[in-house]
Amino acid sequence: MNKEKRIEILTRLRDNNPQPTTELLFDSPFELLISVLLSAQATDVSVNKATRPLYAVANTPQAILDLGVDGVKSYIKTIGLFNTKAENVIKTCRMLAELHNGEVPEDRAALEALPGVGRKTANVVLNTAFGWPTIAVDTHIFRVCNRTKFAPGKNVDEVEQKLLRVVPAEFKVDCHHWFILHGRYTCVARKPRCGSCIIEDLCEFSEKVYPED
């Protein structure tokens, strides 16, 4: 995979979706943070179904704290690992209230210090809420980057570091969204939809799948 091919891939993805964003529903950096925290091993659809009614009654750290752990659980019980996630949500809200005046910090170290928040979640918040040119790597992006050979790596950290090196600055802010949507709807895990892929001729996957296969 060379530089010219990568730029053409990114250009096509941009032309197809000029203003990509997360499929999580949110109206503030705080809502985004909580939604991303809840989305681990869960679909965005399931998170949105739970957070819509939750945010209608509590969409600040103090309001969530007022609900308490059991109150949070009552809203998110349809999401996987909801017991642990509810505990982390409460702990995170307490830290935001006590250390950051109830605001989501625009700072990687401060974000990663929050319970349940790792590098990927911090990257999503910094990118989507604050416009940083970070590239969060989840299972979809890891698969797409390895399968296409765009930025292969043995783990998510390797893929992230390679993406940061090879993606030109003009594409960095939106790259995460293009790849995650591509992995979610086209370059799917079990049977990629190569026949309807807009970058199929540029992809270096050796076992492409077409409808007649």
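In case you missed it, the structure is sitting above this.
Residues numbered from 1 in each chain as written. Predicted model: local features only at pLDDT ≥ 70, side-chain atom pairs only at ≥ 80, totals over all residues. Heavy atoms only, no water.

1. Here we look at the packing of helix α2 (residues 29-38) against helix α5 (residues 82-99)
Keep this limit in mind: Axis definition: a line fitted to C-alpha atoms, over the contacting stretch in the case of helices. Angles run 0 to 180 degrees between N-to-C directions. Helix and strand assignments follow DSSP, with helices taken as H or I runs no shorter than four residues and strands as E runs no shorter than two, numbered in order from the N terminus. Angles below 35 degrees are treated as roughly parallel, those above 145 as roughly antiparallel, those between 65 and 115 as roughly perpendicular, and all remaining angles as oblique. The crossing is said to be left-handed when, going from far helix to near helix, the turn is anticlockwise and less than a right angle, and right-handed when the turn is clockwise. Residues count as neighbours in contact if any of their non-hydrogen atoms are within 4.5 Å of one another. Residue classes follow a fixed rule: Ala, Val, Leu, Ile, Met, Phe, Trp, Tyr, Cys and Pro count as nonpolar, while Asp, Glu, Lys and Arg count as charged, and any other residue, Gly among them, counts as polar.
Following both chains from N to C, one finds α2 and α5 inclined at 150°, their axes separated by 10 Å at the closest point. Considering the angle they form, α2 stands roughly antiparallel to α5. Both α2 and α5 take part in a crossing whose hand is right-handed. Together, Phe30, Leu33, Ile34, Leu37 and Leu38 of α2 and Lys85, Asn88, Val89, Thr92, Cys93 and Leu96 of α5 make up the contact between the two elements. Among the residues forming the contact of α2 with α5, the class breakdown is 8 nonpolar, 2 polar and 1 charged.

2. Details of the layout of surface pockets
Rule in force here: Put plainly, a pocket is an open set of points on a 1 Å grid over the protein atoms alone with protein on both sides within 12 Å along at least five of seven lines, a cavity is a set where a 1.4 Å probe fits but cannot get out, and a lining residue has an atom within 4 Å of a point. Grid points are joined across faces, edges and corners, and a volume is the space filled by probe spheres set on the points.
Within this model, the largest pocket holds a volume of roughly 520 Å³. Taken together, 26 residues line the largest pocket, and the ones lying closest to its centre are Ser39, Asp44, Asp138, Ile180 and Arg184. Only α3 (44-57), α7 (119-128), α8 (139-148) and α10 (169-185) provide two or more residues apiece to the lining of the largest pocket. Ranked by the residues each element gives to the lining of the largest pocket, the list is headed by α10, at 6 residues. The residue inventory of the lining of the largest pocket, partitioned by class, reads 12 nonpolar, 9 polar and 5 charged. The space that makes up the second largest pocket amounts to roughly 150 Å³. Considering the residues around the second largest pocket, the lining is formed by Leu13, Asn16, Asn17, Trp178, Leu181, His182, Thr186, Ser196, Cys197 and Ile198. Secondary structure elements with two or more residues in the lining of the second largest pocket: α1 (3-16) and α10.

3. A closer look at helix α9 (residues 156-166)
Which entries qualify depends on this criterion: For each residue, the accessible area found with a 1.4 Å probe, counting protein chains only, is set against the maximum for its type, and the residue is called buried under 20%, exposed over 50%, and partly exposed in between. Directions pointing from the helix axis toward each C-beta atom define the arc. Counting of polar contacts relies on pairs of N or O atoms within 3.5 Å, with two restrictions inside protein: one atom must be capable of donating a hydrogen and the other of accepting it, and residues adjacent in sequence are counted only when both atoms are side-chain atoms.
Burial in α9 covers these residues: Val159, Glu160 and Leu163. Seen end-on, α9 carries its buried residues on one side only, within an arc spanning 100°. Buried residues in α9 make contact with α7, α8 and α10. Where α9 begins, the capping side chain belongs to asparagine 155, and its oxygen is found 3.1 Å from the backbone nitrogen of aspartate 157.

4. Re the nonpolar core
Test applied: What makes a nonpolar core is a set of buried Ala, Val, Leu, Ile, Met, Phe, Trp, Tyr and Cys residues whose side-chain atoms join them at distances within 4.5 Å.
With 31 residues, the main nonpolar core has Ile64, Val89 and Leu111 as its most contacted residues. Counting residues per element, the ones that place at least two in this core are α2, α3, α4 (61-76), α5 and α7. With 7 residues, α2 is the largest single contributor of residues to this core. If we ignore the near neighbours within four places in the chain, the residues touching valine 89 are Ile34, Leu37, Leu38, Ile64 and Val72.

5. Considering empty space enclosed by the protein
The tally for this structure, following the rule as stated, stands at 1 cavity of 30 Å³ or more. As a volume, the largest cavity reaches approximately 100 Å³. If you trace the largest cavity, you find 14 residues lining it, with His182, Cys187, Cys194, Cys197 and Cys203 closest to the centre. When the residues that make up the lining of the largest cavity are grouped by side-chain class, the tally is 7 nonpolar, 3 polar and 4 charged.

6. Here we look at the packing of aromatic side chains
Two descriptors summarise a pair of aromatic rings, namely the distance from one centre to the other and the angle between the planes of the rings. To keep it simple, the criterion reads: Aromatic rings from Phe, Tyr and Trp, with only the six-membered ring used for Trp, were paired whenever their centres fell within 6.5 Å, and each pair was classed as stacked if the ring planes differed by under 30 degrees, edge-to-face if by over 60, and tilted otherwise. In this scheme, Lys NZ or Arg CZ marks a charge over a ring once it lies within 6 Å of the ring centre and within 35 degrees of the ring normal.
For the structure on display, the rule yields 2 aromatic pairs. Centre to centre, the rings of phenylalanine 150 and phenylalanine 179 are 5.0 Å apart; their planes meet at 65°, and the pair counts as edge-to-face. In this pair, phenylalanine 150 sits in the loop between α8 and α9 while phenylalanine 179 sits in helix α10, placing the two residues 29 residues apart along the sequence. With respect to burial, phenylalanine 150 and phenylalanine 179 carry one shared label: buried. Centroid distance phenylalanine 171 to tryptophan 178: 6.2 Å. Interplanar angle 65°. Geometry classified as edge-to-face. Just as phenylalanine 171 is buried, tryptophan 178 falls in that class too. Stacked on the ring of phenylalanine 150, the Lys or Arg arginine 6 has its end atom at 5.7 Å from the ring centre. A cation over an aromatic ring shows up here: arginine 147 above the ring of phenylalanine 205, its NZ or CZ 5.2 Å from the ring centre.

That's the geometry; what it means functionally is another story.
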